[in-house]
Amino acid sequence: MKLFTKTLATAVFALSVAMPALAADYTMRLSHGDNENNPTHKGALKFEELVEKYSDGRIDVQIFPSNQLGSEQEVAQALRMGSIEAEILYTGNLVPLAPSVGVMMLPYAFTSNEEAHAAMDALKDPLNERLPKEAGVRVLGYFEKGFRVLTNSEREVKTMDDLKDLKIRVSKNNIAIETFKSWGLDPIPMAWAEVFPALQQGVIDGQENPYTTAISSKFYEVQKYITEIHYLIWSGPIIVSERFYQGLPEDLQQALDKAGVEAAQYEREVSAEETEAAKEKLVELGMALTGAPEDEVKWQEAAKALWPQFAADIGGAEWVEEATQIMTNAIATQ
Ligand code: MLT
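A few points on the structure. Keep in mind that what you see is a predicted model, and the values were worked out from it rather than measured.

## Here's the deal with the nonpolar core
In this structure, Met28, Phe47, Phe110, Leu163, Phe180, Trp183 and Leu256 are the most contacted members of the largest nonpolar core, which totals 83 residues. At 7 residues, helix α5 (residues 113-135) tops the list of elements feeding residues into this core. Here phenylalanine 47 is in contact with Met28, Leu30, Leu140, Ile238, Leu256, Ala259, Gly260 and Ala263, once residues within four sequence places are set aside. Counting residues in hydrophobic clusters, the runner-up holds 15 residues, among them Val149, Leu199, Ala278 and Met287.

Following this line, the structure appears as structure tokens:
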């Protein structure tokens, strides 16, 4: 009897060593454009951990940072087709394909991170009524990285006049382009992956992105001056291909929904912690911090005057009215 038990135990042990871990039922490739030092990647890792936990390992998330699967807009197209499953990207890079998300891009709509959180959380469900039809994707959660700050290699920008003739890169969407035009510039729309080499080669003098990105992308090596222009908060949805999502059983859809909300919460906390440290580090590394422009009201007035003209780029006047009402209520009751 003893011998039998021992033999059985040995057989079970041998089997468990020989058998590979059970394969997941679904693979979810998740693309993003930042490197592994950026809060986006840290939030992506949390999302992976939570999806695998809530799905009991039935969904295997594989993260591809630094645009390894293609540019933000190429990957968003692939999500529509169902050939890639998920992506985290700056709203400004999604808006040409999914105009309704553009309400998060209205310049000077938010005065704090908390306002942006209230707005994006309130917009998630209404957006999920529209985005599956509009772009073949849905939002699982919204990352946030603080205000985008303007950096350049040429001069201190204290007033709008100081912008004169600077070659500033913006993300490829009409709202960013027109906003910078309203400040007297002729901005250069460019894909994110091209920005560092373009700064290095002097093709552009400056760009705008959050503090944490200025650190993780080593902009201090090629940029000297920072101005806190406060026009836009970096918001970035975790999006999933609607085809992939609809192909999942309901319990796994719920696992994704839950993981998306919790990963976003985690990423916002990481970003808030890292933003102040990034700002200090950039100064330590030799960048000159100017603060807000002296004539900031002038910048605000010029950009806000464009809101009515942006309606066509962000889902039409009716949606913009509905969405701005949702955002206003959410901010008022936060
Ligand atoms: C951009 O400027 O294209 C984005 O903010 C880059 C990013 O997603 O970090």
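Additional details are given in the paragraphs that follow.
## Regarding the site of the ligand
As a structural note, the neighbourhood of the ligand is formed by Asp34, Tyr90, Asn93, Lys145, Arg148, Arg169, Trp192, Asn209 and Trp234. Arginine 148 places a side-chain nitrogen or oxygen 2.9 Å from an oxygen atom of the ligand. Measuring from an oxygen atom of the ligand, one finds a side-chain N or O atom of tryptophan 234 at 3.0 Å. About the coverage of the ligand: the protein hides 99% of its 270 Å² of free accessible area. Across the shell around the ligand, the residue classes tally to 3 nonpolar, 2 polar and 4 charged.

## Here's the deal with the environment of arginine 155
Within the secondary structure, arginine 155 sits in the loop between β5 (149-152) and β6 (169-170). When neighbours within four sequence positions are excluded, arginine 155 is seen to be in contact with Asp162, Leu163, Lys164, Leu166 and Tyr225.

## A few points about the sheet that holds strand β3 (residues 86-88)
Overall, mixed pairing links the 5 strands, which are arranged β2-β1-β3-β10-β4 in an open sheet. Only two strands of the sheet have a single partner each, and these edge strands are β2 (59-64) and β4 (137-147). Strand-to-strand twist of the sheet, defined as the mean angle between neighbouring strand axes without regard to direction, takes the value 20°. Alignment of strand β1 (residues 26-32) against β3, held across 3 bridges, turns out to be parallel. For histidine 32, the partnering residue across the bridge sits in β3 and is isoleucine 88. Sheet strands touched by helix α2 (residues 39-54): β1, β2, β3, β4 and β10 (233-241). Its angle to β2, the strand with the most contacts, is close to 170°. Helix α3 (residues 72-81) rests against β1, β3, β4 and β10 of the sheet, and its axis sits at about 150° to β3.

Thresholds applied
- Residues numbered from 1 in each chain as written.
- Predicted model: local features only at pLDDT ≥ 70, side-chain atom pairs only at ≥ 80, totals over all residues.
- Heavy atoms only, no water.
- Core = buried A, V, L, I, M, F, W, Y, C linked by side-chain atoms within 4.5 Å.
- Buried < 20%, exposed > 50% of the residue type's maximum accessible area, 1.4 Å probe, protein only.
- Helix = DSSP H or I, 4+ residues; strand = E, 2+ residues; numbered from the N terminus.
- Contact = heavy atoms within 4.5 Å.
- Near = heavy atom within 4 Å.
- Polar contact = N/O pair within 3.5 Å; in protein donor to acceptor, adjacent residues only side chain to side chain.
- Areas by Shrake-Rupley, 256 points an atom, 1.4 Å probe, with all protein chains shown as cover.
- Nonpolar A, V, L, I, M, F, W, Y, C, P; charged D, E, K, R; others polar.
- Pairing = 2+ DSSP bridges.
- Axes fitted to C-alpha atoms, helices over the stretch in contact; angles between N-to-C directions.

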